[in-house]
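Chain residues, written in single-letter form:
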Amino acid sequence: MIRTGWVRINGGAWPLLAATVAVLVAGYGWLGAVVDGAFGAAVGCAAGLILCALLYLLVGSAVSGRPARGGRRD
């Protein structure tokens, strides 16, 4: 069987970032659809994307931040 793209590389597993974005956007979209129909779904998806971007930036800055005072970074 011939596999192409990232399915061949990752064995079919979703990268963690893509899975996180998909779950958050779908969840907020579903919640928005329940609350206010199609417009709410669009707003919910946008909110999910914004939340993912903020979490990505927050975690990135936390991981690559400066070392504690007096500490050494290897």
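Residues numbered from 1 in each chain as written. Predicted model: local features only at pLDDT ≥ 70, side-chain atom pairs only at ≥ 80, totals over all residues. Heavy atoms only, no water.

Some points on the overall build of the protein
Looking only at helices and strands, the protein has 2 helices and 0 strands in total. Expressed as a percentage of its 74 residues, the buried residues of the protein come to 11%. Sequence-distant contacts, at least 24 apart, represent 27% of the contacts inside the protein between residues at least 6 apart. Of the roughly 6100 Å² that the protein leaves accessible, carbon and sulfur atoms contribute 70%. (Helix = DSSP H or I, 4+ residues; strand = E, 2+ residues; numbered from the N terminus. Buried < 20%, exposed > 50% of the residue type's maximum accessible area, 1.4 Å probe, protein only. Contact = heavy atoms within 4.5 Å. Areas by Shrake-Rupley, 256 points an atom, 1.4 Å probe, with all protein chains shown as cover.)

Describing the environment of I50
Mapped onto the elements, I50 comes out in helix α2 (residues 16–63). Note on I50: relative accessible area 53%, which makes it exposed. Placed 25 residues apart in sequence, I50 and V25 show a C-alpha to C-alpha distance of 9.2 Å.

Regarding α2
Under the 1.5 Å per step criterion, the end-to-end length of α2 is only 17 Å for 48 residues, more than 12% shorter than the ideal 70 Å. Roughly 150° is the biggest bend found in α2, and it falls at D36. Within α2 the residues assigned to the buried category are V25, G29, G32, G40, A41, G44, G48 and C52. (Expected span 1.5 Å × (residues − 1). Bend = angle between axes of the 7 residues up to and from the residue.)

Section: the environment of V23
Its place among the elements puts V23 in helix α2. With a relative accessible area of 60%, V23 lands in the exposed category. In sequence terms V23 and G48 are 25 residues apart; their C-alpha atoms lie 8.9 Å from each other.

Observations concerning a nonpolar patch on the surface
The grouping of Y28, W30, L31, V34 and V35 at the surface amounts to a nonpolar patch, some 550 Å² of accessible area in total. Along the polypeptide, W30 turns up in helix α2. Look at W30 and you get exposed, because its relative accessible area is 58%. (Patch = residues over 30% accessible without salt bridge, like charges linked within 9 Å, V, L, I, M, F, W, Y side chains within 5 Å. Salt bridge = Lys/Arg side-chain N within 4 Å of Asp/Glu carboxyl O.)

Honestly, it's all geometry; don't read function into it.
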